[in-house]
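# Summary of structural features
Listed below are the residues making up each chain.
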Amino acid sequence: MDQFLQQVVNGISLGSIYALIALGYTMVYGIIKLINFAHGDVYMIGAFVGFAAITYAKMSFLPALLVAMIICAILGVIIERVAYKPLRNSTRIAALITAIGVSLLLEYVMMFFVGAEVRSYPKVLSDTAYHLGSVVINMQQLYIVLTAIALMILLQFIVHRTKTGKAMRAVSIDPDAAQLMGIKVDSTISYTFAIGSAFAGAAGVLVGIYYNSIDPLMGIMPGLKAFVAAVFGGIGSIPGAMIGGLAIGTMETFVSGYGNSMYRDAAVFLFLIIILIIRPSGLLGKNTREKV
Amino acid sequence: MMKVLTKNNLLILGVILLTFAIVQVLMSVGVITSFHEITIATICINIILAVSLNLVTGFTGQFSLGHAGFMSIGAYVCALIVMRYNSVEGFLLGTLAGALAATIVGILIGIPTLRLKGDYLAIATLGMAEIIRVVFLNLEITNGAAGLSGIPRYTNWFWMYLFVVLTIVLINNFIRSSYGRACISIREDEIAAESMGINTTKYKVMAFAIGSFFAGVAGALFASYFYFLKPNTFGFLKSIDILVIVVLGGMGSITGSVVAAILLALISTFLQSFTEIRMILYAVLLVAIMIFRPQGLMGTKEITDLFQFRKKNERIE
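Residues numbered from 1 in each chain as written. Chains lettered and ligands numbered in written order. Predicted model: local features only at pLDDT ≥ 70, side-chain atom pairs only at ≥ 80, totals over all residues.

The secondary structure content of chain B amounts to 13 helices and zero strands. Overall, chain B shows an N-to-C arrangement of helices and strands of α-α-α-α-α-α-α-α-α-α-α-α-α. On the principal axes, the C-alpha backbone points of chain B span a range of 50 × 50 × 45 Å. Residue pairs at least 24 apart in sequence account for 81% of intrachain contacts in chain B once pairs closer than 6 positions are excluded. (Helix = DSSP H or I, 4+ residues; strand = E, 2+ residues; numbered from the N terminus. Contact = placed C-beta atoms within 7 Å.)

Time to look at the overall build of chain A. The helix and strand tally for chain A stands at eleven helices and four strands. Taking 2.2 N^0.38 as the reference for a compact globule, 292 residues should give roughly 19 Å; the C-alpha atoms of chain A span a radius of gyration of 19 Å, in line with that estimate. Taken over the C-alpha atoms alone, chain A extends approximately 60 × 45 × 35 Å along its principal axes. Relative to its full complement of 292 residues, chain A shows a buried share of 53%. Once local pairs closer than 6 in sequence are excluded, the contacts in chain A between residues at least 24 apart make up 76%. (Rg over C-alpha atoms; globule rule 2.2 N^0.38 Å. Buried ≥ 20, exposed ≤ 12 C-beta atoms within 10 Å, placed from the backbone.)

Here we come to the interface of chain A and chain B. How big an interface is tends to be stated in terms of accessible area lost as the parts join. Contact residues are listed per partner, giving 36 residues for chain A and 34 residues for chain B. At the level of elements, α4 (92-114), α9 (220-233) and α11 (264-278) of chain A are the ones that each hand at least two residues to the side of chain A that touches chain B. No other element matches the 14 residues that α4 of chain A contributes to the side of chain A that touches chain B. Per-class residue counts for the side of chain A that touches chain B are 29 nonpolar, four polar and three charged. (Nonpolar A, V, L, I, M, F, W, Y, C, P; charged D, E, K, R; others polar.)

This part takes up the packing of helix α7 (residues 178-188) of chain B against helix α9 (residues 200-225) of chain B. All names here are of chain B. Interaxial distance between α7 and α9 falls to 10 Å at its minimum, and their mutual angle equals 105 degrees. Comparing their axes, α9 and α7 come out roughly perpendicular. Contacts between α7 and α9 involve Tyr179, Ala182, Cys183 and Ile186 from the first element and Thr200, Tyr203, Lys204, Met206 and Ala207 from the second. The class makeup of the residues in the contact of α7 with α9 is seven nonpolar, one polar and one charged. (Axes fitted to C-alpha atoms, helices over the stretch in contact; angles between N-to-C directions. Parallel < 35°, antiparallel > 145°, perpendicular 65-115°, else oblique.)

Let's shift gears to the confidence of the model for chain B. All names here are of chain B. Taken residue by residue, chain B gives an average pLDDT of 86. The fraction at 70 or more is 95%. When mean pLDDT is taken per element in chain B, α9 scores highest with 93 and helix α13 (residues 303-307) scores lowest with 70. Both confidence scores are given for the complex: pTM 0.87, ipTM 0.83. (pLDDT = per-residue confidence, 0-100.)

Bridge analysis of strand β2 (residues 129-132) of chain A against strand β3 (residues 135-138) of chain A gives four bridges, and the strand direction is antiparallel. Across the sheet, Ala129 of chain A pairs through a bridge with Asn138 of chain A, a residue of β3 of chain A. (Pairing = 2+ DSSP bridges.)

Let's shift gears to the packing of helix α1 (residues 2-32) of chain A against α9 of chain A. When two helices pack together, their arrangement is captured by the angle between the axes and the distance separating the axes. All names here are of chain A. Where α1 meets α9, the axes come as close as 8 Å, and the angle between the chain directions of the two elements is 65 degrees. By the angle between their directions, the pair α1 and α9 is classed as roughly perpendicular. Handedness of the α1/α9 crossing: right-handed. Every residue of α9 that contacts α1 at Tyr18, Ala19, Ile21, Ala22, Tyr25, Thr26 and Tyr29 is listed here: Pro222, Gly223, Lys225, Ala226, Phe227, Ala229 and Ala230. When its residues are assigned to classes, the contact of α1 with α9 shows eleven nonpolar, two polar and one charged. (Left-handed = near helix turned anticlockwise from the far one by under 90°.)

If you check α9 of chain A, its first and last C-alpha atoms are 20 Å apart, about what 14 residues at 1.5 Å a residue would give, namely 20 Å. Counted residue by residue, α9 of chain A has twelve buried out of 14 residues, so it is predominantly covered. Those residues of α9 of chain A not exposed but buried are Pro222, Gly223, Leu224, Lys225, Ala226, Phe227, Val228, Ala229, Ala230, Val231, Phe232 and Gly233 of chain A. Residues of α9 of chain A that are buried make contact with α1, α2 (39-55), α10 (238-258) and α11 of chain A together with α5 (118-138) of chain B. (Expected span 1.5 Å × (residues − 1).)

The next thing to look at is the environment of Leu66 of chain A. All names here are of chain A. Structurally, the position occupied by Leu66 is in helix α3 (residues 61-84). Residue Leu66 is classed as partly exposed on the basis of its C-beta count, with 17 C-beta atoms lying within 10 Å. With 136 residues separating them in the primary sequence, Leu66 and Ala202 have C-alpha atoms 7.7 Å apart.

A few words now on unusual backbone geometry. Positive phi values are uncommon outside glycine, yet Lys58 of chain A reaches one of about 55 degrees. Summarising the element assignment, Lys58 of chain A is placed in the loop between α2 and α3. In this structure Lys58 of chain A comes out as exposed when scored by C-beta crowding, with 10 C-beta atoms within 10 Å. Phi at Tyr227 of chain B is positive, roughly 65 degrees, even though this residue is not glycine. By the element assignment, Tyr227 of chain B lies in the loop between α9 and α10 (236-249). Its 13 C-beta neighbours within 10 Å are what place Tyr227 of chain B among the partly exposed residues.

What follows is the structure, encoded as structure tokens:
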């Protein structure tokens, strides 16, 4: 029982990180129907920016988080403008390959500048552990979960209470109709990328602190898993991405804790295939009917 | 009885034999060194992979990101067999067994996942390839992450060329048969195809099975050429590499896949001395091609289309 609770705690902290990345995937997919493969690499860049901010600029946790989020937001908008915008009317596969191309570009440009070796993250949060009964929660996990919750509340506010959010929802339902209603579709898409990438940047810093190591290829696996989380929750649905992230995170820690940790990636993908077969629209996704 | 020995077919046969002979002579004279031979092997294996993926993605329109998974099955099965029966027969048996194993897995995976469309299918196949990789990482018989080494080398220019020609001829004939036409109709419009009485699931699984068979063959050749196998060779990036060849050449053009496989291998060899920026250039190239020429080098045209102006109207666009 104690081990079970401990795994839940670990799962929730890992899951909050996945949820933050999954939000970016789901928002971008909701609005332009593109699997943004480069999203995992934006997260990697976020981790490196946070690393630089803490190590060289001697910032503390929150300023570093903010810097990483702002830089990632700018990067997200640049990626969208340069690589995805020219392809908005082309085939899905062309857009997907472009996304993969951008992903490779970010990875290897980063590798060119910082080298391929794994770096250890500076210690910015204390790792004081709190004992609740026999369950151990450390300061870092607390920070991760709180940051994730704060950002998700902020996102809910943006999407449901601001004009930009309203525009985002409108464009995701029908871009042409939204444009006819006087919504600037292009800038709405840019906002979406900015917000999604900022969240990925935040996730990058949190992961750096939690796992204490970063490298230029760190974004591939968490990126794919976060996408699985987004699909599980129902792609396009923001609460779905949060639930999906937590579910995948918990599942992964359980597979590592009780089974064989070598199989945890396989478990996540097997889970994905099962969801896709049983309920392709995900937990909270809407069923779309095919029209002829 | 169809005429097999038409003028055209004899011409094609002649070109095939001539290409083989020229490379063989250049090899024995020593113009093509063993360094070039690695490039040639890469080209041949990539052609088989790209042409078979083209059948699934380009002709049938089913977006697969898991081709490397099938390749790894072929590679491991062939390696295990050829390590036990160290002879040419063992190699051929291994290739056949590897290809059949890949086909069986392809059918088993294809039946449930091919109901999915577009991006979802892409992600499902990606997940499947990752599962295969993780399984190979953990199996005892495949020696885990360390991989298999000391696989006897039987793949040579003759076998590679033979399998490349067989792959191209068989897949080309498949596409030109009524089955192939059914596959193309699924790519063009799945709902319309279904309403015309085409069993779309059957043809999709069929294309997927043939695609996995040849991916398995390519894997077997790979295993027996490079002596050494490890699961991480067949990761997500390998599938992307194959997809890039297909898209660069043009989805729905076998000639395109062949040309792109040769072109990319040459570029890659040329950039060997600039390892650091090689992947950066590769990525930039990918994005640039998608922005400026999303239909690929050849579009859906074949090399024969370029010569046969007379039959232009018969071509399937």
